[in-house]
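# Working through the structure, step by step
For reference, the chains in residue letters:
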Amino acid sequence: MSRARDFADLAGAADAGGLTGRNLVINGAMQVAQRGTSFTSTGYTLDRMQMLTANTDNVAFTTTQSSTAPDGFANSLKVDITTAETTLDSNELFRLLHKIEGQDLQHLSYGSSAAKSVTLSFYVRSNVTGIYTVEFRLNASGTSTITKQYTISSADTWERKELTLPANTATAISNNNSNGFEISFALAAGSNFTTGALGTSWATTATESRYAGHAANVMSSTSNEWYITGVQLEVGEQATPFEHRSFGDELARCRRYFERIAKSATQLGQSSDASPVVWSGLSRSGNSGNNQGMIVYETKRNNPTLSVSAASHFNGIYPISPFASSLSGFAISGTAGLNRAYANATNNASSAPTTDCGSMVNIGDSSGYLDIDAEL
């Protein structure tokens, strides 16, 4: 059987819903947005997607979950420039970053003679045409990187791009839950990062070659927009059709890294008037306003950090007087575990319970949320 026939059969199986588990990227279809659907600062935005800037002077932008998408997709990640950076300084950098755990990539056999090639594919759209770059980096280190270029040829038109990376026989990906593989989409890059040579193999990359040849500057005008969706990284030299996963499957994968419990989470299908119980526990006799209890959540990548929007957004509730009052303080006792944490909270109750009693804490304010963060 010819290689062309092999590829045709492979594509057919993928179109029919087979070959599951190919995509190493989480939330590549930009379905999940636990933190919200619009952001005006750097950091994590749509789940697993991180917007970063370096040395920018004036640029401001909004990152949103957009319904503008190519056929077969419902969403994309959109970057909209709201304050332009008209002069691109040599040390400026603007990019979208996705990180993958090292232990999920051991089947690539990097660092051995059995190392496999991988292919990144994605759909992209912008009114800014020209040459763009994607940097790939192992183990959060500059000792093994490679950069690939792609071109947006037609303004405001969805285009599918495919970038194949050679096998890496020299550097192993760390077999742990840390950052093993980075994919960095540059939207703008100053000359400090672009004037070097584009390498053809994994190597220690000089700073001037990190985004070699990148010419497009999405920051240059408030008319500029950049969209991406359908991001897929898979084993082999041939890109296959995007592996669509159910919303529930993708949400569960995202919650390994971040989970938000909120009163208003309509983007996840929750009613806006929900009042989720965050934990239940005990209030001791004579201990005014003190709540102690266990918070249970999805198992995380590592011990997470827990934080709340504001203590006053939460209520302490008792079966005896005072029945309910807003919290005035919140803290985790010790180190949070992989799937549960012990919490202490104080509230604004006017008096202490006269006997030991059960208590619970729920979210009482529409702006309230509890974040459980174990991001890479």
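Residues numbered from 1 in each chain as written. Predicted model: local features only at pLDDT ≥ 70, side-chain atom pairs only at ≥ 80, totals over all residues. Heavy atoms only, no water.

What follows concerns the nonpolar core. Counting residues in hydrophobic clusters, the biggest one holds 48 residues, and the most contacted among them are Leu120, Phe122, Phe136, Phe181, Ile183, Phe185 and Trp226. Mapped by element, the contributors of at least two residues to this core are strand 5 (76-83), strand 6 (93-101), strand 7 (118-126), strand 8 (130-138), strand 9 (145-152), strand 10 (159-165), strand 11 (179-189) and strand 12 (225-235). Sorting elements by how many residues they give to this core places strand 11 first, with five residues. Sequence-distant contacts of phenylalanine 136, that is, excluding residues within four places in its chain, are made with Leu120, Ser144, Thr145, Ile146, Lys148, Leu163, Leu165, Phe181, Glu182, Ile183 and Trp202. Grouped together as the second largest cluster of nonpolar side chains are 17 residues, Leu306, Leu327, Ala345 and Ile363 included. (Core = buried A, V, L, I, M, F, W, Y, C linked by side-chain atoms within 4.5 Å. Buried < 20%, exposed > 50% of the residue type's maximum accessible area, 1.4 Å probe, protein only. Helix = DSSP H or I, 4+ residues; strand = E, 2+ residues; numbered from the N terminus. Contact = heavy atoms within 4.5 Å.)

Here we take up the sheet that holds strand 4 (residues 60-66). In space, the six strands of this open sheet follow the order 1-4-5-12-7-10, with antiparallel pairing throughout. Taken across any chain shown, the strands that pair with only one partner, and hence form the sheet edges, are strand 1 (38-39) and strand 10. (Pairing = 2+ DSSP bridges.)

On to the packing of aromatic side chains. This structure, assessed with the given rule, holds 13 aromatic pairs. Look at tyrosine 132 and tyrosine 150: their rings are 5.3 Å apart centre to centre, the planes differ by 15 degrees, and that puts the pair in the stacked class. Of this pair, tyrosine 132 sits in strand 8 while tyrosine 150 is found in strand 9, placing the two residues 18 residues apart along the sequence. Members of the aromatic cluster, joined through ring pairs, are Phe122, Tyr132, Tyr150, Phe185 and Trp226. (Phe/Tyr/Trp six-rings, centres within 6.5 Å; stacked < 30°, edge-to-face > 60°.)

Attention now goes to the side chain of serine 359. Looking at the element boundaries, serine 359 is found in strand 20 (residues 357-363). Relative accessible area serves as the criterion here: at 7%, serine 359 is assigned to the buried category. Every residue in contact with serine 359, bar those within four places of it in the chain, is listed here: Ser280, Gly281, Leu282, Ser283, Asn291, Ile317 and Tyr318.

Right, let's talk about the confidence of the model for the protein for a bit. Here the protein shows a mean pLDDT of 92. Residues at 70 or above account for 91%. Here helix 1 (residues 3-15) stands out as the element of the protein with the lowest mean pLDDT, 50, in contrast to strand 7, whose mean of 99 is the highest. Segment residues 12-18: pLDDT under 50, and seven contacts once partners within four positions in sequence are set aside and those in other chains are kept. (pLDDT = per-residue confidence, 0-100.)

On to the side chain of glutamate 250, then. Here glutamate 250 shows up in helix 3 (residues 247-254). Aside from chain neighbours lying at most four places away, what touches glutamate 250 is Ile26, Asn27, Gly28, Gln31, Val32 and Arg245.

This part is about the pattern of salt bridges. For the coordinates displayed, the defined rule picks out 14 salt bridges. One salt bridge in this structure joins glutamate 159 and lysine 161, with 2.6 Å as the shortest N-O distance. Comparing glutamate 159 with lysine 161 shows no difference in burial state: the two are buried. The closest approach of N and O atoms between glutamate 243 and arginine 245, which form a salt bridge, is 3.9 Å. Of the two residues, glutamate 243 and arginine 245, both sit in the buried class. A single network of salt bridges, built from pairs that share partners, joins Arg35, Arg48 and Glu375. (Salt bridge = Lys/Arg side-chain N within 4 Å of Asp/Glu carboxyl O.)

Right, let's get into the sheet that holds strand 11. The strands that make up a sheet are held in pairs by hydrogen bonds between backbone atoms, and each pair lies either parallel or antiparallel. Taken in spatial order, the six strands line up as 2-3-6-11-8-9 in an open sheet, and their pairing is antiparallel. At either end of the open sheet lies a strand with only one pairing partner, and these are strand 2 (43-44) and strand 9. Alignment of strand 8 against strand 9, held across eight bridges, turns out to be antiparallel. When the sheet's bridge partners are listed, isoleucine 131 is paired in strand 9 with threonine 151.

Excluding glycine, residues mostly carry a negative phi; peptide bonds, for their part, are mostly trans. With a phi close to 55 degrees, alanine 140 is a non-glycine residue in the positive phi region. Residue placement: alanine 140 occurs in the loop between strand 8 and strand 9. Given the relative accessible area of 51%, alanine 140 is considered exposed. For aspartate 156, which is not glycine, the phi dihedral falls at a positive 55 degrees. Locating aspartate 156 in the fold gives a position in the loop between strand 9 and strand 10. Relative accessible area serves as the criterion here: at 42%, aspartate 156 is assigned to the partly exposed category.

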